[in-house]
Amino acid sequence: MNVELFIHGVPHGQDFWGIKTEQPYFDLFYDHSADEVKFLIQKRSLENKSFCYYNYLVYKDVIDSEGRPGSYFGISLRLDAYCIDIVNMFRILDTIYNVFVMGTLVKKEGNKIKYIISNFASASKDIEGIRSETIQMLRKAFTNKDFVNLDNSFQIGDKGFACNLYDYTQERFYALFKQYAKIAISPYYSTEKEKVLIKQSEAQVNELHRQFDQQMKSYLESSEKDRRKSNDALMIVQDQVQKLQVDLAERDRSIDQLNVEIKKLKEELKSVGQSKDISEIVSTIKEPIFQLSDSLRRIMPDTSGQKIPKKKVFNIELVRKHLFLFIALFVVISLTVLLYSFRNKLPFGDTEKQGSPNEALYSIPQDTQKVHSDIQMSNTNIEKDININIVGNDGDDLKKQNIYEVKAENGVSNGSWRIEGCLITYSDDNNVIKIKPIESKVNISYYIGKEKKKEKSLNAN
């Protein structure tokens, strides 16, 4: 039986030790495989002869002599027969690698396997020693009955078959090799039992995925239905709010009209109060005037039944006699006029404080005064600039399902909101609400009555 040993790998660039005509074949193993250890058995023909190659290959965590990753190491035997005891052949090559190659050509460095040499030619003497040890172990481990000649019953191909080293018997390996002519064997490959378990696990995982997808679909459909219901209910509430806002605006207009009427009534009551003051003043001087008139009648001569003389004679004695009476009458009238003028100059409020009989008519109900005050305050606030402030947001896009507090700065007590693309929660303060974006576009409007005072639009994602 003819036995040849080959060493190949990437100590510092791809390299090879052995019969040079075989180098193109071994160059194919530099394929950046991720296998930890792979035992590849393959039948090939060379110069009209058939050979069986036993390749012990190490890929995982192998680095070259300068520490570059992606290297590999291979030790191969070429026999002109097929060895039936595949497991024993693997053990021999595994022993050669761990006992004679390790520490001579490569070494362990942490969790890596690093080349000690930069090329195989520099270690020819060591490799010859490895070859000698390998042949000695083969002679001790096998007899002639462990080998079968490579006749035409063995197929030639590159399709290959992969399996675990301990999954099959010698007979099964023999049948597989004759069928495929290329078998990749490793103790690290999944066993048939593990493959069955993996397949069952994958089936269970796929079923769980299917159930999850079905549940998720049902959940999304249910959520969409609930969302539509919530939106419908929200639209109803918003319509009701809008109607209430219209009613509130009507109430405000009514209050304004009532304030105008109240002002008008005040003016009328003031006029009525002044007229009553005049009547009271006249009533106080009416009696003295009547007395003066009666006195004048008594001192005037009685001309009833007498003819009026053609020429009236001026009686100086009569004038002198009643001069004091005329002066007294003039003083009374002058005082009356002065008193009336003085009362007209008094403030309207002072007249009320003097106990006017119409005092109850001048007073305005406290509730009406409060409404009037609220209206004046509302009108004052409306004149200020109103700004919509989203607390903690500087103009960035909103996040769906997050809750934001929205404030109407310089808002009024009768202000109202209209929100699109959000759920809304009202608070005790009419100018502070909370929103939760549910659509990609959010529009926030602030109204006073039917008039839109401020609007803000943002994106949500």
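Since the model is a prediction, treat every value here as computed from it, not as a measurement.

Enquirer: Break down the sheet that holds strand S9 (residues 112–115) for me, citing the residues and quoting the values.
Expert: Sheet architecture is open: three strands sit in the order S5-S9-S8, paired in mixed fashion. The open sheet has two edge strands, strand S5 (62–63) and strand S8 (106–109), and neither has a second partner. With two bridges connecting them, S5 and S9 associate as parallel partners. Paired with Val-62 across the strands is Ile-113, a residue of S9.

Enquirer: Hey, could you go over the nonpolar core for me, with residue numbers and the actual values?
Expert: Residues Tyr-54 and Leu-105 are the most contacted members of the largest nonpolar core, which totals 53 residues. Those residues within four positions of Leu-105 in sequence are excluded, and the remaining contacts are Ile-7, Phe-73, Tyr-115, Ile-116, Ile-117, Ala-123, Ile-127 and Ile-130. Ranked by size, the runner-up nonpolar core spans 21 residues in total, among them Leu-398, Tyr-404, Ile-424 and Ile-435.

Enquirer: Quick one: what's the story with the confidence of the model for the protein, residue by residue and with numbers?
Expert: Chain-level statistics for the protein give a pLDDT mean of 82 and a share of 77% at 70 or above. Contacts from residues 303–314, a stretch scored under 50 in pLDDT, to residues over four places away or in other chains number one contact.

Enquirer: Hey, could you go over helix H3 (residues 124–141) for me, with residue numbers and the actual values?
Expert: Taking 1.5 Å per residue, 18 residues should reach 26 Å; H3 reaches 26 Å between its end C-alpha atoms and fits that length. As for H3, its buried residues are in contact with strand S1 (3–9), strand S2 (15–17), strand S6 (73–79) and helix H2 (86–101).

Enquirer: Would you mind going over unusual backbone geometry in detail, with residue names and values included?
Expert: A positive phi is found at Asp-61, a non-glycine position, where the angle reads about 60°. Inspection of the secondary structure puts Asp-61 in the loop between strand S4 (49–58) and S5. The phi dihedral of Asn-410 falls on the positive side, at around 65°, and the residue is not glycine. For Asn-410, a relative accessible area of 40% translates into the label partly exposed.

Enquirer: Outline a nonpolar patch on the surface, listing residues and values.
Expert: A contiguous nonpolar surface patch, about 420 Å² in accessible area, is contributed by Phe-212, Met-216, Tyr-219 and Leu-220. With respect to the secondary-structure elements, Leu-220 resides in helix H5 (residues 192–299).

Enquirer: Got a sec to walk through helix H4 (residues 170–180)? Specific residues and values, please.
Expert: An α-helical turn contains 3.6 residues, so any two residues separated by three or four positions project in the same direction. Considered for burial, the residues of H4 that qualify are Phe-173, Leu-176, Phe-177 and Tyr-180. In a view along the axis of H4, the buried residues occupy a sector of 100°, so they form one face of it. Count one or two residues on from H4 and you reach Ala-181, which has phi positive near 65°.

Enquirer: Pulling in residues and values, what's your account of the pattern of salt bridges?
Expert: According to the stated counting rule, one finds 16 salt bridges in the structure shown. Two residues, Glu-22 and Arg-78, come together in a salt bridge whose shortest N-O distance is 2.8 Å. Taken together, the residues span a long stretch of sequence, with Glu-22 in the loop between S2 and helix H1 (23–27) and Arg-78 in strand S6 at a distance of 56 residues. With relative accessibility at 1%, the residue Glu-22 sits in the buried group. Among the residues examined, Arg-78 registers a relative accessible area of 7% and is labelled buried.

Enquirer: I'd like to hear about the pairing of strand S17 (residues 432–437), residue by residue, with values.
Expert: By the bridge criterion, four bridges tie strand S14 (residues 404–409) to S17 in an arrangement that is antiparallel. Residue Val-406 lies in a different strand from S17, and its bridge partner there is Ile-433. Between strand S16 (residues 422–426) and S17, which follow one another and run antiparallel, lie five residues.

Enquirer: For the packing of aromatic side chains, give the residues involved together with the corresponding values.
Expert: Taken as a whole and judged by the stated rule, the model has 27 aromatic pairs. Here the aromatic rings of Tyr-82 and Phe-177 are separated by 4.9 Å at their centres, their planes lie at 15°, and the arrangement is stacked. Separated by 95 residues along the polypeptide, Tyr-82 in strand S7 (residues 81–83) and Phe-177 in helix H4 bring together distant segments of the chain. Given a relative accessible area of 1%, Phe-177 falls into the buried group. Grouping aromatic residues by their ring pairs yields a cluster made of Phe-39, Tyr-54, Tyr-56, Phe-73, Phe-90, Tyr-97, Tyr-115 and Phe-120. The ring of Tyr-25 carries the charged tip of Arg-44 above its face, separated from the ring centre by 4.2 Å. The lysine or arginine in question, Arg-78, covers the ring of Phe-51, its NZ or CZ lying 4.1 Å from the ring centre.

Quick notes on the rules
Residues numbered from 1 in each chain as written. Predicted model: local features only at pLDDT ≥ 70, side-chain atom pairs only at ≥ 80, totals over all residues. Heavy atoms only, no water. Pairing = 2+ DSSP bridges. Helix = DSSP H or I, 4+ residues; strand = E, 2+ residues; numbered from the N terminus. Core = buried A, V, L, I, M, F, W, Y, C linked by side-chain atoms within 4.5 Å. Buried < 20%, exposed > 50% of the residue type's maximum accessible area, 1.4 Å probe, protein only. Contact = heavy atoms within 4.5 Å. pLDDT = per-residue confidence, 0-100. Expected span 1.5 Å × (residues − 1). Patch = residues over 30% accessible without salt bridge, like charges linked within 9 Å, V, L, I, M, F, W, Y side chains within 5 Å. Areas by Shrake-Rupley, 256 points an atom, 1.4 Å probe, with all protein chains shown as cover. Salt bridge = Lys/Arg side-chain N within 4 Å of Asp/Glu carboxyl O. Arc of directions from axis to C-beta. Phe/Tyr/Trp six-rings, centres within 6.5 Å; stacked < 30°, edge-to-face > 60°. Lys NZ or Arg CZ within 6 Å of the ring centre and 35° of its normal.

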